[in-house]
Amino acid sequence: MADAVKHTITIPASTEYLVQVREFVAKCARQADFMETDIGDIRLAVDEACTNIIKHAYKYDRNQEIYVQIEINKNWLNITLLDSGIGFDPGNSKKPDIQESIRQKKRGGMGIYLIKKFMNKVEYSHNGTMNEIRMKKMRPSIVSED
Amino acid sequence: MADAVKHTITIPASTEYLVQVREFVAKCARQADFMETDIGDIRLAVDEACTNIIKHAYKYDRNQEIYVQIEINKNWLNITLLDSGIGFDPGNSKKPDIQESIRQKKRGGMGIYLIKKFMNKVEYSHNGTMNEIRMKKMRPSIVSED
Amino acid sequence: MSDFEINNRSINGLEIIELRGELDAHTAAQLETALQKLIALKNYKIIVNCHELEYISSAGLGVFMAYIEDVRSLGGDIKLSNMSPKVYNVFDLLGFPTLYDILNDEADAIEQFNIKT
Amino acid sequence: MSDFEINNRSINGLEIIELRGELDAHTAAQLETALQKLIALKNYKIIVNCHELEYISSAGLGVFMAYIEDVRSLGGDIKLSNMSPKVYNVFDLLGFPTLYDILNDEADAIEQFNIKT
Ligand SMILES: Nc1ncnc2c1ncn2[C@@H]1O[C@H](COP(=O)(O)OP(=O)(O)O)[C@@H](O)[C@H]1O
Ligand SMILES: Nc1ncnc2c1ncn2[C@@H]1O[C@H](COP(=O)(O)OP(=O)(O)O)[C@@H](O)[C@H]1O
């Protein structure tokens, strides 16, 4: 059994780098044998988490950085995001009520729900000066192919 | 406030009539102002329920009949299916495990899950010689349109 | 870097916006501007053709939420068409299909506008 | 009465099945026959293009479940492409996207086969 493989990327905290994070994530997920649909889901989860860090943790201060690490082990794809912005814990988020948001002229509140929907596990924590978001998704066991 | 509107169709218990049931259902759902996506969901729920009656309640005896009634009232679309075949109650059906079904060379077990997923409420009952399936879906309240 | 593009067409008083590429928190601003322009010019019957939209995040969904009420109260609508399954899935998870008219084809969306007029 | 049709094409050793219309408990038998024929003729690399498939019920899904293991154990696969959101949604609700390769375009499905060969 091979050791876990790790890949990392660090981006400035600005939305124009989201596309690079998505490409990085897709490449890793493809290497971990996910089907195309799941690769799309994982890209979205990481995009939403990075967008939140840029908007809420760093309040659009583009001098800050986001660190993204992806570990592929036998059964799991593990993603870790680190930032040094405002700390946060989402608690239990329920399904957003879009109709209600439209009425109240709000347009957000969907990101964390999507992250939790697409990943098998999501944890927010705070260590010293860093915030850490860990998420994991189970690798596929392809019918009759191994 | 107008009285509830009712529409009915009766079909022979054979799969070639499923297409007619779907057209009937779509017409009623459109009249009740559902969005196209929801109309598709309702058609599928009724198709699955009729397919089950044909296969399981009547065991493909095409001399039997299925009666479908749709009632549109202020807030709800109510669908009632009647058959005189073998009685049945699905209890609590959980999400089918497709990977497991493939391994066991089974290919069914998805219909009731889809019916419950797409409708807000589904009830099976037995009255005298008839089985009754009742399902309902809430009519849309369109943002700012009334 | 982000690969996103918007094209406009009009057909018999309906405005068609075609989206191409990836709609995220960065490119959402372009869509916002395009919708604002249409509304400023009193075009309230809008079809967003998503045929070549390859990706959408919640920032993109937010733009559609921001204008739907105004447009409807002015007798129009924003109807969406030609989504890929991947893109539709995001709308679906959040319950958009019950609130927004999402059609398989642009032609169906045009037809829906014509039925209601 | 049911409006369903299957067309076959082959491209460089890949078999493309195009579905058109509504796939239900009645028309599922036609798809079953089409797949059985391909497998009998030792064609295990199959792409099902769903571009014009307007409807699928669980009876249709069942056909895909019945042959995937055999085809994969013989070195092939059944890949699905060009689904409309409505059709994809049914596959998705039942967890197919994790078990089956579902691609936006037929060209992507062809590419996936070529990568693995
Ligand atoms: N990484 C983060 N750091 C700080 N606050 C956050 C973070 N992620 C989310 N939040 C907070 O949680 C709320 C909900 O997040 P989300 O569901 O993504 O919706 P949105 O970002 O669109 O408001 C945000 O409005 C914000 O207050
Ligand atoms: N109307 C019915 N009458 C009798 N038995 C039924 C009926 N509907 C469902 N069943 C039973 O419940 C089981 C599960 O139904 P379903 O989820 O639709 O899967 P499938 O029909 O593909 O097996 C069926 O296999 C059958 O035994």
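Residues numbered from 1 in each chain as written. Chains lettered and ligands numbered in written order. Predicted model: local features only at pLDDT ≥ 70, side-chain atom pairs only at ≥ 80, totals over all residues. Heavy atoms only, no water.

## Concerning the site of ligand 2
Residues and elements named next belong to chain B.
Link 1 in the chain: Neighbouring residues of ligand 2: Asn 52, Ile 53, Lys 55, His 56, Ala 57, Ile 86, Phe 88, Gly 108, Gly 109, Met 110, Gly 111 and Ile 112.
Link 2 in the chain: Here an oxygen atom of ligand 2 sits 3.3 Å away from a polar atom, N or O, in the main chain of Gly 111.
Link 3 in the chain: With respect to ligand 2, the backbone of Ile 112 contributes an N or O atom lying 3.0 Å from an oxygen atom.
Link 4 in the chain: When ligand 2 is considered free in solution it has 530 Å² of accessible area, and contact with the protein chains removes 76% of it.
Link 5 in the chain: For the shell around ligand 2, the secondary structure elements donating two or more residues are helix H2 (36–57) and helix H4 (111–118).
Link 6 in the chain: A per-element tally of the shell around ligand 2 places H2 first, with 5 residues.
Link 7 in the chain: Tallied by class, residues from the shell around ligand 2 come to 6 nonpolar, 5 polar and 1 charged. (Near = heavy atom within 4 Å. Polar contact = N/O pair within 3.5 Å; in protein donor to acceptor, adjacent residues only side chain to side chain. Areas by Shrake-Rupley, 256 points an atom, 1.4 Å probe, with all protein chains shown as cover. Helix = DSSP H or I, 4+ residues; strand = E, 2+ residues; numbered from the N terminus. Nonpolar A, V, L, I, M, F, W, Y, C, P; charged D, E, K, R; others polar.)

## Side note on a positive patch on the surface
Link 1 in the chain: On the surface, a cluster of positive charge is contributed by Lys 95 and Lys 117 of chain A together with Lys 95 and Lys 117 of chain B.
Link 2 in the chain: Positionally, Lys 95 of chain B belongs in the loop between strand E3 (76–83) and helix H3 (98–103).
Link 3 in the chain: For Lys 95 of chain B, a relative accessible area of 45% gives the class partly exposed. (Patch = residues over 30% accessible without salt bridge, like charges linked within 9 Å, V, L, I, M, F, W, Y side chains within 5 Å. Salt bridge = Lys/Arg side-chain N within 4 Å of Asp/Glu carboxyl O. Lys, Arg positive; Asp, Glu negative; His and termini not counted. Charge placed at Lys NZ, Arg CZ, Asp CG, Glu CD. Buried < 20%, exposed > 50% of the residue type's maximum accessible area, 1.4 Å probe, protein only.)

## Notes on helix H4 (residues 111–118) of chain A
Link 1 in the chain: The element H4 of chain A is largely enclosed, with a buried count of 6 among its 8 residues.
Link 2 in the chain: Listed in full, the buried residues belonging to H4 of chain A are Gly 111, Ile 112, Tyr 113, Leu 114, Ile 115 and Phe 118 of chain A.
Link 3 in the chain: In this fold, the buried residues of H4 of chain A make contact with helix H2 (36–57), strand E4 (121–127) and strand E5 (130–138) of chain A together with helix H2 (58–73) and helix H3 (85–93) of chain C. (Contact = heavy atoms within 4.5 Å.)

## Looking at the pairing of strand E3 (residues 76–83) of chain A
All names here are of chain A.
Link 1 in the chain: Of all 8 residues in E3, 6 are buried; the element is thus mostly enclosed.
Link 2 in the chain: Pairing between strand E2 (residues 65–72) and E3: 6 bridges, direction antiparallel. Bridged to Gln 69 within E3 is Thr 80.
Link 3 in the chain: In this antiparallel pair of consecutive strands, E2 and E3, the connection spans 3 residues.
Link 4 in the chain: Where E3 meets E5, 8 bridges bridge the pair, whose relative direction is antiparallel. Looking at E5, one finds that Asn 78 is bridged to Lys 136. (Pairing = 2+ DSSP bridges.)

## Overview of the site of ligand 1
All names here are of chain A.
Link 1 in the chain: As a structural note, the neighbourhood of ligand 1 is formed by Asn 52, Ile 53, Lys 55, His 56, Ala 57, Ile 86, Phe 88, Gly 108, Gly 109, Met 110, Gly 111 and Ile 112.
Link 2 in the chain: Between an oxygen atom of ligand 1 and a side-chain N or O atom of Asn 52, the distance comes to 2.8 Å.
Link 3 in the chain: A distance of 2.9 Å separates an oxygen atom of ligand 1 from a polar backbone atom of Gly 109.
Link 4 in the chain: When ligand 1 is considered free in solution it has 540 Å² of accessible area, and contact with the protein chains removes 76% of it.
Link 5 in the chain: A class-by-class count of the residues in the shell around ligand 1 yields 6 nonpolar, 5 polar and 1 charged.

## Details of the packing of aromatic side chains
We describe a pair of aromatic rings using the distance from one ring centre to the other and the angle between the two ring planes.
Residue and element names in this part refer to chain C.
Link 1 in the chain: Applying the stated criterion to the full structure yields 8 aromatic pairs over all chains.
Link 2 in the chain: Aromatic side chains Phe 64 and Phe 91 sit 5.9 Å apart centroid to centroid with 50 degrees between the ring planes, which places their arrangement in the tilted category. Of the two residues, Phe 64 is situated in helix H2 and Phe 91 in helix H3; the sequence distance between them amounts to 27 residues. A single burial state applies to Phe 64 and to Phe 91, both of which are buried. (Phe/Tyr/Trp six-rings, centres within 6.5 Å; stacked < 30°, edge-to-face > 60°.)

## A few points about the sheet that holds strand E5 (residues 130–138) of chain B
Residues and elements named next belong to chain B.
Link 1 in the chain: Reading across the sheet, the 5 strands line up as E1-E2-E3-E5-E4 and stay open at both edges, with antiparallel pairing between neighbours. At either end of the open sheet lies a strand with only one pairing partner, and these are strand E1 (5–12) and strand E4 (121–127). Mean inter-strand twist for the sheet, computed between neighbouring axes without regard to direction, equals 15 degrees.
Link 2 in the chain: The pairing of E4 with E5 spans 7 bridges and is classified as antiparallel. Directly across from Val 122, in E5, lies its bridge partner Met 135.
Link 3 in the chain: Those strands touched by helix H1 (residues 18–31) are E1, strand E2 (65–72) and E3, and its axis lies near 175 degrees from that of E1.
Link 4 in the chain: In the packing of H4 onto the sheet, the strands contacted are E4 and E5, and the crossing angle to E4 comes to about 120 degrees. (Axes fitted to C-alpha atoms, helices over the stretch in contact; angles between N-to-C directions.)

## Thoughts on the interface of chain C and chain A
Link 1 in the chain: The interface is formed by 28 residues belonging to chain C together with 28 residues belonging to chain A.
Link 2 in the chain: Here chain C meets chain A over a buried area of about 2400 Å², counting both sides, of which 62% is carbon and sulfur.
Link 3 in the chain: Three residues stand out in chain C for area buried against chain A, namely Met 65, Leu 93 and Leu 94 of chain C, and they jointly supply 26% of the buried area on that side.
Link 4 in the chain: In this assembly, chain C and chain A are joined by 6 salt bridges.
Link 5 in the chain: Across the chain C-chain A interface, the total number found is 11 residue pairs in polar contact (both at pLDDT 80 or more).
Link 6 in the chain: Of all elements in the fold, only strand E3 (45–56), H2, H3 and helix H4 (96–99) of chain C reach the threshold of two or more residues within the side of chain C that touches chain A.
Link 7 in the chain: Among the elements that take part in the side of chain C that touches chain A, H2 of chain C stands out by supplying 10 residues, more than any other.
Link 8 in the chain: Tallied by class, the residues present in the side of chain C that touches chain A amount to 16 nonpolar, 7 polar and 5 charged. (Buried area = accessible area lost by both parts, 1.4 Å probe.)

## Some details on the sheet that holds strand E1 (residues 4–11) of chain C
All names here are of chain C.
Link 1 in the chain: Within the open sheet, the 5 strands sit side by side as E1-E2-E3-E4-E5. Their pairing is mixed. Because the sheet does not close on itself, it has two edges, and the strands there are E1 and strand E5 (102–103).
Link 2 in the chain: Against the sheet, helix H5 (residues 106–115) engages E1, strand E2 (14–23), E3, strand E4 (77–81) and E5, with an angle of about 155 degrees to E3.

Worth remembering: the numbers are spatial, not functional.
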